[in-house]
Amino acid sequence: MTRVVRIIVLIFLFAQTANAQYEDFETWINFTLKGELSKKVSYTIEPEIRLFENASQLSTWQTEFNLGYEALKRLDIGGIYRFAVNFEKPNYNRRIHRFAAYLKYEVKTNRLRWRYRAQLQNEYVNWNSSEKGTINYLGHRHKLSVKYQKKKWKVNPSAGIEYYFSISPYEERGDWKYRYYFTLEGELNKRLNAKLSYKRQDEFDVIKPDLVNILFVGFEYKPKFLKMRKKKTKK
């Protein structure tokens, strides 16, 4: 398994080096704090920075808050709020507020874990401070992923595809983009996981898109606080 991981990491690095010769790529660095408020209510807090110009300049920093509720055994419903600041234009920093509601369904088949999420989201750019007033961007997003898990493996692979479709404003209605990715995830200790992922994005009818290749580095931490303990059953 160690040899396979090394080969895949080398493929990641080679792909990024090759793409950098003719198009830019972004590097996303993410940290996730994950826990539970009760047996059915979970939360995540995700600060993230995004770098561009071959990871030499700051593109975006953001923080996302996610609250989920287990409505059924395999079905979760939840809400998301994200605040992001975009620095790509020196004289105009975009402040983005995103509100979203989602449904997430997960099923296990042998060593495979399938997960599907449908999300409706609305973004407000420069809330109440733009020339046109409050501008909102409404759209829906769908994500399908599959993860292979084996107890003896220290690193587990996963792959998926994400699709976004724009509803409003009118001039962007019908625009869509999709993003597919391959990820390696490993446990550093009982509470800390690490992720390395390559993502590729494509936009419909866009000859020279701003974003194509993404290198994602993430860490997920599960703290002791706000964690529900299982009650011991008396014999």
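Small disclaimer: the values here were computed from a predicted structure and weren't measured.

(A) Fine view of the overall build of the protein. Each helix and strand counted, the protein has one helix and eleven strands in total. Counted from the first residue to the last, the protein has its helices and strands arranged as α-β-β-β-β-β-β-β-β-β-β-β. For the protein, buried positions account for 36% of its 235 residues. Excluding contacts between residues fewer than 6 apart, the proportion of contacts in the protein whose partners are at least 24 apart in sequence is 46%. Taken as a whole, the protein presents about 15800 Å² of accessible surface, with 57% of it coming from carbon and sulfur.

(B) Representation of a nonpolar patch on the surface within the structure. Side chains of Tyr 105, Trp 114, Tyr 116, Leu 144, Ile 161 and Tyr 180 sit close together on the surface and give an oily, nonpolar patch of about 570 Å² of accessible area. Within the secondary structure, Leu 144 sits in strand β7 (residues 135-148). Given the relative accessible area of 40%, Leu 144 is considered partly exposed.

(C) Seen up close, the sheet that holds strand β6 (residues 112-125). Taken in spatial order, the eleven strands close into a barrel running β1-β2-β3-β4-β5-β6-β7-β8-β9-β10-β11, and their pairing is mixed. Adjacent strand axes in the sheet meet at a mean angle of 20° when their direction is disregarded.

(D) Spatial organisation of the pattern of salt bridges. All chains considered together, the criterion is met by eight salt bridges. Ionic pairing is found between Glu 48 and Arg 50, a salt bridge with its closest N-O pair at 2.7 Å. For the pair Glu 48 and Arg 50, one class covers both residues: buried. One salt bridge in this structure joins Arg 98 and Glu 123, with 2.6 Å as the shortest N-O distance. Taken together, the residues span a long stretch of sequence, with Arg 98 in strand β5 (residues 94-109) and Glu 123 in strand β6 at a distance of 25 residues. Just as Arg 98 is buried, Glu 123 falls in that class too. Shared partners join several salt bridges into a network, and the residues in it are Glu 106, Arg 113 and Arg 115.

(E) The environment of Tyr 81, seen in detail. Along the chain, the position of Tyr 81 falls in strand β4 (residues 75-86). Take Tyr 81: its relative accessible area is 26%, and that puts it in the partly exposed class. The spatial distance from the C-alpha of Tyr 81 to the C-alpha of Ala 100 is 6.6 Å, given a sequence separation of 19 residues. When residues no more than four places from it in sequence are discounted, the contact partners of Tyr 81 are Thr 63, Glu 64, Phe 65, His 97, Arg 98 and Phe 99.

About the thresholds
- Residues numbered from 1 in each chain as written.
- Predicted model: local features only at pLDDT ≥ 70, side-chain atom pairs only at ≥ 80, totals over all residues.
- Heavy atoms only, no water.
- Helix = DSSP H or I, 4+ residues; strand = E, 2+ residues; numbered from the N terminus.
- Buried < 20%, exposed > 50% of the residue type's maximum accessible area, 1.4 Å probe, protein only.
- Contact = heavy atoms within 4.5 Å.
- Areas by Shrake-Rupley, 256 points an atom, 1.4 Å probe, with all protein chains shown as cover.
- Patch = residues over 30% accessible without salt bridge, like charges linked within 9 Å, V, L, I, M, F, W, Y side chains within 5 Å.
- Salt bridge = Lys/Arg side-chain N within 4 Å of Asp/Glu carboxyl O.
- Pairing = 2+ DSSP bridges.
- Axes fitted to C-alpha atoms, helices over the stretch in contact; angles between N-to-C directions.

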